[in-house]
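Residue-level structure breakdown
Here's the letter readout for the chains.
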Amino acid sequence: MSRIGKLPVVLPAGVTCTVDGNVVKVKGPHGELSQKVDPAITVVVEGNEIKVTRPTDLPRHRSMHGLYRALIANMVHGVSQLYEIRQEFIGVGYKVDVQGQIINMSLGYSHEIQMMVPVEVKAETEPLKKGQNPVLILRSCDKQLVGQVAAKIRSLRKPEPYKGKGIKFVGETLRRKAGKSAGAK
C-alpha cells in the first residue's frame, strides 16, 4: 500500500470537508477549494479525518492513491494556513510595486512590466531597508496556483550565474560560475 496514500488527512479546527460523488470540497477560514477525484479512488470523511482508498494494486491505482491524498492534504493545509512564496529582486534598479491585483516590475528592460495576478493570490511587498533587495510576497490557499504565478514572475528575469542578478526565491542557493580570468602567461 502507498505510504503516503494510507495516511489519513487530519482536519484542523475550523475546516470542513464534503465529498459529493467524485468531487472533494474543503472549506476553511482562508477560503474554499475543490478537487475532482478519479472515480476509482474512494474518499471518505470519518469524524475529523479524511481517508483515501484504492480498489486494487494496479500501478495506475497505486499512483493515483498517493496523488489524490497529497492533493487533498494540500487543500486542507491551504485553507487553514495560507501558502506563502517570497521572491527577491536582485539587480541595480530592480524594483517591484503592488497596486491591488497588478504587480509593476522594473527589471532592467527599457520598459516596466505589469502583471495581473488572479484574485485568489494576494501580493504585497516588504518595506525596503537600506541595502536590502526588494522582496515580493505571494499568498494563497491554492498551492498550485501560487506556485504557478511565482514561476511566471521568475521567468521574466531568471537569475544569471555570474553576478546572480534576476528574480530568485528567498532562501534559494544559486549555482555560481567563475567569470573570465586575467590572461595568465
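Refer to the structure above for everything that follows.
So, how was this worked out
- Residues numbered from 1 in each chain as written.
- Predicted model: local features only at pLDDT ≥ 70, side-chain atom pairs only at ≥ 80, totals over all residues.
- Heavy atoms only, no water.
- Helix = DSSP H or I, 4+ residues; strand = E, 2+ residues; numbered from the N terminus.
- Rg over C-alpha atoms; globule rule 2.2 N^0.38 Å.
- Buried < 20%, exposed > 50% of the residue type's maximum accessible area, 1.4 Å probe, protein only.
- Contact = heavy atoms within 4.5 Å.
- Areas by Shrake-Rupley, 256 points an atom, 1.4 Å probe, with all protein chains shown as cover.
- Lys, Arg positive; Asp, Glu negative; His and termini not counted.
- Charge placed at Lys NZ, Arg CZ, Asp CG, Glu CD.
- Phe/Tyr/Trp six-rings, centres within 6.5 Å; stacked < 30°, edge-to-face > 60°.
- Lys NZ or Arg CZ within 6 Å of the ring centre and 35° of its normal.

Attention shifts here to the overall build of the chain. Counting its secondary structure elements, the chain contains 2 helices and 13 strands. Computed over C-alpha atoms, the radius of gyration of the chain comes to 21 Å, more than 25% over the 16 Å expected from 2.2 N^0.38 for 185 residues, which places it beyond the range of a compact globule. Its C-alpha atoms give the chain principal-axis dimensions of roughly 70 × 45 × 25 Å. In the chain, which comprises 185 residues, the proportion classed as buried is 36%. Considering only contacts in the chain between residues 6 or more positions apart, those separated by 24 or more positions represent 52%. For the chain, the exposed area adds up to about 11,500 Å²; of that, 53% sits on carbon and sulfur atoms. Once the 29 positive and 16 negative side-chain charges of the chain are each reduced to a mean point, those two points are 10 Å apart.

On to the packing of aromatic side chains. The full count for this structure, using the stated rule, is 0 aromatic pairs. Above the plane of the ring of Tyr109 lies Arg157, whose end atom (NZ or CZ) is 4.3 Å from the centre.

With respect to the element layout, Asp38 can be found in the loop between strand E4 (31-36) and strand E5 (42-46). For Asp38, a relative accessible area of 15% corresponds to the buried category. Once residues lying within four places of it in the same chain are set aside, the contact partners of Asp38 are Arg60, Met64 and Tyr68.

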